[in-house]
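Each chain, written out:
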Amino acid sequence: MIKIQYQTSALQPAPFAYALEIDLKSTEKGLEYTLDLEYLDRDSLTEEEILEEGFTMDDDLHLKGELPLVWREEIKFLLKKTQKTDKEELEENEDLWLLHTEEGVFYPKNHNNWAETTEQLRQAIVEASGLEKPLEITLLEHGEKTVYVGSFAKKTLVVDRKGEKKGLRWSDLNALLRDLFSGDLLYEEAITKEPKGKGIYLNVGDEYWFELGKSYINKVQKVKNWL
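Below is a short write-up of the structure. (Residues numbered from 1 in each chain as written. Predicted model: local features only at pLDDT ≥ 70, side-chain atom pairs only at ≥ 80, totals over all residues. Heavy atoms only, no water.)

1. As for the overall build of the chain
Under the convention used in this document: The helix count covers DSSP runs of H or I at least four residues long, the strand count covers runs of E at least two residues long, and both are numbered beginning at the N terminus. Exposure is judged per residue with a 1.4 Å probe applied to protein chains only, and the accessible area is read against the type maximum: over 50% gives exposed, under 20% gives buried, and values in between give partly exposed. Here, two residues are considered to be in contact whenever any of their heavy atoms come within 4.5 Å of each other. Accessible areas in this description were obtained via Shrake-Rupley with a 1.4 Å probe; residue shielding takes into account the shown protein chains only. A residue counts as positive if it is Lys or Arg and as negative if it is Asp or Glu; His and the chain ends are not included. Lys charges are placed at NZ, Arg charges at CZ, Asp charges at CG and Glu charges at CD.
Scanning the chain for helices and strands turns up 5 helices and 15 strands. Taken over the C-alpha atoms alone, the chain extends approximately 60 × 45 × 30 Å along its principal axes. Every one of the 227 residues in the chain was classed for burial, and the buried ones make up 38%. Within the chain, residue pairs in contact and separated by at least 24 positions form 55% of the contacts whose partners lie at least 6 positions apart. Per element, the accessible surface of the chain, about 13,800 Å² overall, is 46% carbon and sulfur. Taking the average location of the 30 positive side-chain charges in the chain and that of its 46 negative ones, the two points are 11 Å from each other.

Here is the structure:
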């Protein structure tokens, strides 16, 4: 169906620079994938320098598997609205994008759309391969929980309010993330036990609970919109 080839610009330094290839093939059930991710130029850094940036010494990935039909349709739709661009060479600050299709190999004019979709596709593959769990965000207000679970692999977003589950539009995820993470999370001020008292708290699937106005600095209304 398509192979997506991406590489960070020449200005992106190690340990952040990387090359990514995702080979996608249509199947009856969905989309078969092979993902290869390789971080570049790390031999120029010490182990300490790499670890200080939050990486490990083995972040490269080689994954194979299958995604559901919703992803096959997503890629087909994006391909239909993609135009070719003639690019003989890239500027230093430009990322490399190449799409290998039945019509040839080309740089997509709408590379920003491909950047957003490829990032979600990469997250979907990591989730489908079992390396990460679906995104889970909990808001706690006066002891009552509102839990959002977003699966990139299935492209689903579900909210659970007081035990009542409701499916939301996948497009709502961007607004949710934008509103809830437009502020600052102060880990040194967070608590590691589920709070019982008053206040509004945010938990992102780990042991940390952030209190709005103290360890979680954000506009109150932005957070309350999702309660």
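Back to the text.
2. A look at the pattern of salt bridges
Defined as follows: Between Lys or Arg on one side and Asp or Glu on the other, a salt bridge is scored when a side-chain nitrogen of the former is within 4 Å of a carboxyl oxygen of the latter.
Under the definition given, this model contains 9 salt bridges. Measuring nitrogen to oxygen at the nearest pair gives 3.9 Å for the salt bridge that ties E211 to K214.

3. Quick look at the pairing of strand β11 (residues 164-168)
Formally: Any two strands with at least two DSSP-identified bridges between them are counted as paired.
The buried fraction of β11 amounts to 0 of the 5 residues, a small share that puts the element mostly on the outside. With antiparallel pairing between neighbouring strands as the criterion, strand β10 (residues 156-161) and β11 make up a hairpin whose turn holds 2 residues, including K162 at a positive phi of roughly 55 degrees.

4. What to know about the packing of aromatic side chains
Two descriptors summarise a pair of aromatic rings, namely the distance from one centre to the other and the angle between the planes of the rings. Which entries qualify depends on this criterion: Each aromatic pair joins two rings of Phe, Tyr and Trp (for Trp, the six-membered one) with centres within 6.5 Å, and gets the label stacked for planes under 30 degrees apart, edge-to-face for over 60, and tilted for any other angle. In this analysis the charged atom, NZ for Lys or CZ for Arg, is taken to sit over a ring once it is within 6 Å of the ring centre and within 35 degrees of the ring normal.
Summed over the entire model, instances satisfying the criterion amount to 10 aromatic pairs. Consider the rings of F16 and F55, whose centres lie 5.5 Å apart with planes at 70 degrees: the pair is edge-to-face. With a gap of 39 residues between them, F16 in the loop between β1 (2-7) and β2 (18-26) and F55 in the loop between α1 (47-52) and β4 (61-68) connect regions that are remote in the sequence. Summarising the aromatic geometry, the rings of Y187 and Y208 are spaced 5.1 Å apart at their centres and angled 80 degrees between planes, so their arrangement reads as edge-to-face. Here the residue Y187 occupies a position in the loop between β12 (184-185) and β13 (200-203), and Y208 occupies one in the loop between β13 and β14 (210-211), the gap between them amounting to 21 residues. Looking at R42, its charged tip hangs above the ring of Y39, at a distance of 4.2 Å from the centre.

5. Quick word on the sheet that holds strand β6 (residues 96-101)
Within the open sheet, the 7 strands sit side by side as β4-β3-β2-β1-β6-β7-β5. Their pairing is antiparallel. Lying at the two open borders of the sheet, with one neighbouring strand each, are β4 and β5 (84-85). Two elements, β2 and strand β3 (residues 30-39), share 9 bridges in a ladder whose sense is antiparallel. Looking across to β3, one finds that A19 is bridged to E38.

6. Let's talk about helix α3 (residues 111-128)
Let me state the cut-off plainly: Expected helix span is given by 1.5 Å per residue-to-residue step, counting one fewer step than there are residues.
An ideal rise of 1.5 Å per residue puts 26 Å on 18 residues; α3 measures up with 25 Å between its terminal C-alpha atoms. In the segment just after α3, G130 is the residue with positive phi, at about 85 degrees.

7. Section: the environment of D172
By secondary structure assignment, the location of D172 is in helix α4 (residues 172-180). Look at D172 and you get buried, because its relative accessible area is 15%. Note: C-alpha distance between D172 and L157 (15 residues apart in sequence) is 7.9 Å.

8. Things to note about unusual backbone geometry
Residues A14 and P15 are joined by a peptide bond in cis, for which omega reads 10 degrees. Along the chain, P15 turns up in the loop between β1 and β2. One non-glycine residue, D41, lies in positive phi territory at about 60 degrees. The topology assignment puts D41 in the loop between β3 and α1. The backbone phi angle of H142 is positive, close to 50 degrees, even though this residue is not glycine. Looking at the element boundaries, H142 is found in the loop between β8 (135-141) and β9 (144-151).

9. What to know about a negative patch on the surface
So the rule is basically this: Patch members must show over 30% relative accessible area and no salt bridge, and they are joined within 9 Å when carrying like charges or within 5 Å when they are nonpolar side chains of Val, Leu, Ile, Met, Phe, Trp or Tyr.
Together, D86, E88, E89, E91 and E92 make up a negatively charged patch on the protein surface. Tracing the backbone shows E88 in the loop between β5 and β6. Residue E88 is classed as exposed on the basis of its relative accessible area, which comes to 86%.

10. A word on the side chain of S215
Here is the rule: A 3.5 Å cut-off defines polar contacts: any pair of N or O atoms within that distance qualifies, except that in protein one atom must be a possible hydrogen donor and the other a possible acceptor, and neighbouring residues in sequence count only when both atoms are side-chain atoms.
Note that S215 resides in the loop between β14 and β15 (216-217). With relative accessibility at 2%, the residue S215 sits in the buried group. Here E211 takes part through its backbone nitrogen, which lies 2.7 Å from a polar atom of the side chain of S215. Other than its neighbours up to four places away in sequence, S215 contacts D184, L185, L186, E189, A190, W209 and F210.

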